[in-house]
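Structural features, examined
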Amino acid sequence: IRPFSEMPYKSPDARELNDAFGRARTLAERGEDAEALIAALDRAFWIYDNFYTLDTIAMIRSDSDQSDAYYRDEYNRCEIMSAQVEQWREQMLHACAVSKLRPALERSGYFAPGDLDYYEQEEEYDDDLVALYQRESELLSDYRAILADDAVEIDGEKMSLDEYLARESLSEEEYQSAYLAWLERVNGEIADIYAELIGVRLDIAAKLGYDSYEQYCYDM
């Protein structure tokens, strides 16, 4: 077992992901060689799983130290990339669902009967939906960047809010005053992000056939 601190991180390669999904999709569309398709699917799913492992590592390391710009940027990059990755995955599975090789995939046990039924329909992840998910990720990235900057001015001196609030000698009034000063500094930017995020999420829900974003989230 490897400790989390020693887990390697390598920035995900969008081209590698696209190539892996694209090869499996092409083989499914050709419908000629089940063994080659299964090998391509194995590679695509491995790269897909590895992408989300790297995404999680970047998220944990970014959340653990919000001043670490490298992992903050990597986590944001992974989150923005994820919508495109899901589109590529869905396109590959749609090709498998309508492929002449589907019976062979099911006979081999690679997919159970019915596993691919959902993907027979038109792809859900069209370019418009991908763009909406990417904008959602960008807004959340902007929000995290604001939270990472906890500088606040106390009695004319700039300092870290977290460090200031950690002082044991602080009175309740001093604590509240410092926190409110930070909120006043960031509130305008956060409010703008929140307002746009509401619109983006309503558009996502509507595009997927839901009456509200709340309903979409419960189903997800």
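As shown above, the structure is provided for reference.
Residues numbered from 1 in each chain as written. Predicted model: local features only at pLDDT ≥ 70, side-chain atom pairs only at ≥ 80, totals over all residues. Heavy atoms only, no water.

**Some words on the pattern of salt bridges**
One pass over the full model with this rule turns up nine salt bridges. Linking Arg 43 and Glu 16 is a salt bridge whose minimum nitrogen-to-oxygen distance equals 3.4 Å. Separated by 27 residues along the polypeptide, Arg 43 in helix α2 (residues 34-64) and Glu 16 in helix α1 (residues 14-30) bring together distant segments of the chain. With a relative accessible area of 35%, Glu 16 lands in the partly exposed category. A salt bridge links Glu 138 to Arg 135, with the nearest nitrogen and oxygen atoms 3.1 Å apart. Taken as a pair, Glu 138 and Arg 135 lie in helix α5 (residues 127-148) at a separation of three residues, close to a single helical turn. A relative accessible area of 32% places Glu 138 in the partly exposed class. A relative accessible area of 28% means that Arg 135 is categorised as partly exposed. (Salt bridge = Lys/Arg side-chain N within 4 Å of Asp/Glu carboxyl O. Helix = DSSP H or I, 4+ residues; strand = E, 2+ residues; numbered from the N terminus. Buried < 20%, exposed > 50% of the residue type's maximum accessible area, 1.4 Å probe, protein only.)

**Considering the packing of α2 against helix α3 (residues 69-97)**
A pair of packed helices is captured by two measures, namely the crossing angle of their axes and the spacing between those axes. Their axes nearest at 9 Å, the elements α2 and α3 cross at an angle of 160°. Taken together, the axis directions place α2 and α3 in an arrangement best described as roughly antiparallel. Here the hand of the crossing between α2 and α3 comes out left-handed. When grouped by side-chain class, the residues that make up the contact of α2 with α3 number 16 nonpolar, two polar and seven charged. (Axes fitted to C-alpha atoms, helices over the stretch in contact; angles between N-to-C directions. Parallel < 35°, antiparallel > 145°, perpendicular 65-115°, else oblique. Left-handed = near helix turned anticlockwise from the far one by under 90°. Nonpolar A, V, L, I, M, F, W, Y, C, P; charged D, E, K, R; others polar.)

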